[in-house]
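Single-letter residue listing:
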Number of protein chains: 2
Amino acid sequence: MQTDFKATRALFDLPEGVTYLDGNSLGPLPRAAAARVAQTVTAEWGQMVITGWNRAGWMEMPMRIGNRIGRLIGAEADSVVMGDTLSIKVYQALASALEMVPDRRVILSDTGNFPSDLYMAEGLCRTLGEDYRLKTVAPEAVADHIDETVAVLMLTEVDYRTGRRHDMPTLTAAAHAAGALVVWDLAHSAGALPVDVAGGGADFAVGCTYKYLNSGPGGPAFIYVAPRHQDRARPALSGWLGHEAPFAFDLDYRPGAGVERMRVGTPPILQLAALDAALDIWDGVDMADLRARSLQLTDRFIAGVEATCPDLTLATPRNHKARGSQVSFRHPEGYAIMQALIAEGVIGDFRAPDILRFGFTPLYTDEADVDRAISTLAAILKGGLWDRPEYRQRARVT
Amino acid sequence: MQTDFKATRALFDLPEGVTYLDGNSLGPLPRAAAARVAQTVTAEWGQMVITGWNRAGWMEMPMRIGNRIGRLIGAEADSVVMGDTLSIKVYQALASALEMVPDRRVILSDTGNFPSDLYMAEGLCRTLGEDYRLKTVAPEAVADHIDETVAVLMLTEVDYRTGRRHDMPTLTAAAHAAGALVVWDLAHSAGALPVDVAGGGADFAVGCTYKYLNSGPGGPAFIYVAPRHQDRARPALSGWLGHEAPFAFDLDYRPGAGVERMRVGTPPILQLAALDAALDIWDGVDMADLRARSLQLTDRFIAGVEATCPDLTLATPRNHKARGSQVSFRHPEGYAIMQALIAEGVIGDFRAPDILRFGFTPLYTDEADVDRAISTLAAILKGGLWDRPEYRQRARVT
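Criteria and cut-off values
Along each chain, residues carry numbers from 1 onward, in the same order as the chain's sequence is written. By the order in which they are written, chains take letters starting at A while ligands take numbers starting at 1. Where totals are concerned, whole chains, interfaces and linings use all residues; where local detail is concerned, this predicted model gives features only for residues with pLDDT of at least 70, and gives and counts side-chain atom pairs only at 80 or more. By convention in this description, side-chain values take in all heavy atoms of the structure and omit both hydrogens and water. The fit set for superposing copies consists of C-alpha atoms from residues with pLDDT of at least 70 in both; the fit itself is least squares. The contact criterion used is simple: two residues touch if any of their non-hydrogen atoms lie within 4.5 Å. Each domain's extent was defined by an automatic or database domain assignment. When two parts are put together, the accessible area they lose, computed with a 1.4 Å probe and summed over both, is reported as buried area. Here a salt bridge means any side-chain nitrogen of Lys or Arg lying within 4 Å of a carboxyl oxygen belonging to Asp or Glu. For this analysis, a polar contact is any N or O atom pair within 3.5 Å, provided that within protein one partner can donate a hydrogen and the other can accept it, and provided that sequence-adjacent residues contribute only side-chain to side-chain pairs. Put simply, DSSP marks the helices as runs of H or I at least four residues long and the strands as runs of E at least two long, and each gets a number from the N terminus on. Under the convention adopted here, Pro, Cys and the residues Ala, Val, Leu, Ile, Met, Phe, Trp and Tyr are nonpolar, Asp, Glu, Lys and Arg are charged, and Gly plus all remaining residues are polar. Summary of the burial criterion: residues with accessible area below 20% of their type's maximum are buried, those above 50% are exposed, and those between are partly exposed, where the area comes from a 1.4 Å probe applied to protein chains only.

(A) Inspection of the relation of the copies chain B and chain A at higher detail. It takes a turn of 180 degrees to lay chain B on chain A, together with a shift of 0.0 Å along the axis; the resulting RMSD is 0.0 Å. The superposition of one copy onto the other is thereby described by a two-fold rotation axis. Across chain B, the rotation axis passes nearest the C-alpha of Leu128 of chain B, at a separation of 2.6 Å. Of the interface residues in chain B, 100% have counterparts in chain A that sit at the interface too, so the contact is made through matching surfaces.

Structure below.
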């Protein structure tokens, strides 16, 4: 293993006394991000004001940083651009893809997809009218439903609840063979494991950056468009910064060259600055090492929990190929158990109806974290320590 | 005048030696925003990590801050929510409005509208298909084209180039009388002058926050939905945070109550923190005072420039009622003249093809700024100082 994960851990500002296993929801603060954001605020916004768009390179950030993300997901150069939120990027990718398969009306997805992807697809179908519709099937049944009615296959590679991973190259090839295009959501893949959108044949891919890429709360999303589609993908959300010449202020829309046409409005510079600093950490990371380390940590956690917590049921596939970088267990009292765990300083999260999720992020998670999580969980379950009113009371954001 | 504009000026971190007249493009840094963003990064993201969504109130920020903006634009309580970019909010407002007037197919706008609004409308019409179309007429001809074919009238109140202001109550009433709904873009109104969306009868309103509201580069947008429409407006961009119960992770979309259904994805917390701090300044500002002061400053600038720069042609209406808080002049060499002005420390901006724009923002602009801008501009024009190759060379962002 070439990558020094002790060194990467030291680059994060982890809260004292906490074992943080929720990087699959919100990554912790990279030390360099605090300084970078402060510099962007005071030296750039404060001193350059409007001239920052040119002098500080703000206008180029969505493409420059898109290329940095591109390296982590196996994208060709200049095929990724940053902006908006993942939901917005899903809408753009779907709308563009549907327009390229004009004789079909079905978006196929699965019930393990993140709900917002499904909601955005529903909204798009309603706007498109005619007979456009979203069809959702069980994750394991997706391959069987890829047929000549499907215009676009929309899948999240790694399931946000179970950590189950779809086989991207195989499903993509099946969709292409049936004449459909594929949109991959990499929310739980980018920075979690090696991704190869080019090799896997993806037509479009989208993802967020605040999970495994540690860009901070509300960091911008990314969109990948395969080079073969870039100049015919028509953005349904046709904003001025995706125009061929934004500063000509023409009255008519003409999409810009390449993936940059997927830009919409003014990019969020403070959030992009945090992301840019967070990505510096990845310069020294080999993705194969990351994967090896992730599997070590998740295997250790699964073995430890199964040995000490008989009431928990593993929801994540044991097969390495079929999982991402999180481990989930089911328990009917999962919510209260997670609250008890958080009270003891081990932070994972809960997903309805009964999932306890734990993210293993090699950049800053180590064996001591894994072992503490196992022993704390075992103590809570053994002692019934979760069975208290304050742990059952649900917060708005769970 | 009750408002102390010397005091508000002291709350900004203005670059040394610069007269900044481009707050209509990007407002300068409020001193408190730097500290607030730093706190959000280190104490909230750094120490609370995922628990910040509850403990630091991140999840409530879009509505809480929406109400702060609401006060400045005359909105009813809980009628404004933050998120995304202005272009995205235009799309949402238009799509919702069109669905409420199902028997009509025309969006009416004007050629003075900001191009991105027109582009987004074009994109929406293409997605809707059928005979949906965008019709643009000259700004002064809008009233004559409001007829029973129009589904939605979409206007920007203050023209980004000329500063010409539409009469919101009159045009809104005319549209309503013809059976149409109205979407107002307040990009150059919010924080620039008193706005009364409730009194003016607006159905929807949208705006950005990085201009007169000083939220920093890429700060989030806002959307207003009139209370009478909130529970039947269906968001075309139906993201999970607009769902009735986002954390139930249901497979089907059900819009949430009120304007909150216009939320889409995860909100940009660092940008919202900057905006929140910037809005503190407005707590002590009376909007009538702001308007009076804005008119004093713009009148002084118009008079001074007309007296000393005969080659410049005023593009902004002289009539107080018919203008916002910027003054524009035309000159065929406007680009080079603006570059020369910036080189002398007076920052305005240029808009194609021939507009020199100057924003007058009473929170931090004073008479000395106005007088310096006049004398510098006069010297540049009199001496032909703009006629140099380096001033003619265009930057990407102009």
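(B) Main features of the domain arrangement of chain A. All names here are of chain A. Parsing chain A into structural domains produces domain 1 (5-29 + 286-392) and domain 2 (57-283). Computed over C-alpha atoms only, the centres of domain 1 and domain 2 are separated by 28 Å. Tallying the contact residues gives 31 residues for domain 1 and 22 residues for domain 2. Regarding the contact of domain 1 and domain 2, the summed buried area is about 2100 Å², with carbon and sulfur atoms giving 62% of it. At the junction of domain 1 and domain 2, the tally comes to zero salt bridges. Joining domain 1 to domain 2, the criterion identifies ten residue pairs in polar contact (both at pLDDT 80 or more). Among the elements of the structure, helix H10 (287-308), strand S12 (326-330) and strand S15 (355-359) are those that each provide at least two residues to the side of domain 1 that touches domain 2. Classifying every residue of the side of domain 1 that touches domain 2 by side-chain character gives 14 nonpolar, eleven polar and six charged.

(C) Region of interest: unusual backbone geometry. Residue Pro353 of chain A is bonded to the preceding Ala352 of chain A through a cis peptide linkage, with omega at 0 degrees. Topologically, Pro353 of chain A is positioned in the loop between strand S14 (349-351) and S15. A positive phi is found at Glu130 of chain A, a non-glycine position, where the angle reads about 45 degrees. You can see Glu130 of chain A is positioned in the loop between helix H6 (115-128) and strand S6 (133-137). Given the relative accessible area of 63%, Glu130 of chain A is considered exposed. The residue Phe249 of chain B is not glycine, and still its phi comes out positive at about 55 degrees. Locating Phe249 of chain B in the fold gives a position in the loop between strand S10 (221-225) and helix H9 (269-280). The buried category is assigned to Phe249 of chain B, whose relative accessible area is 5%.

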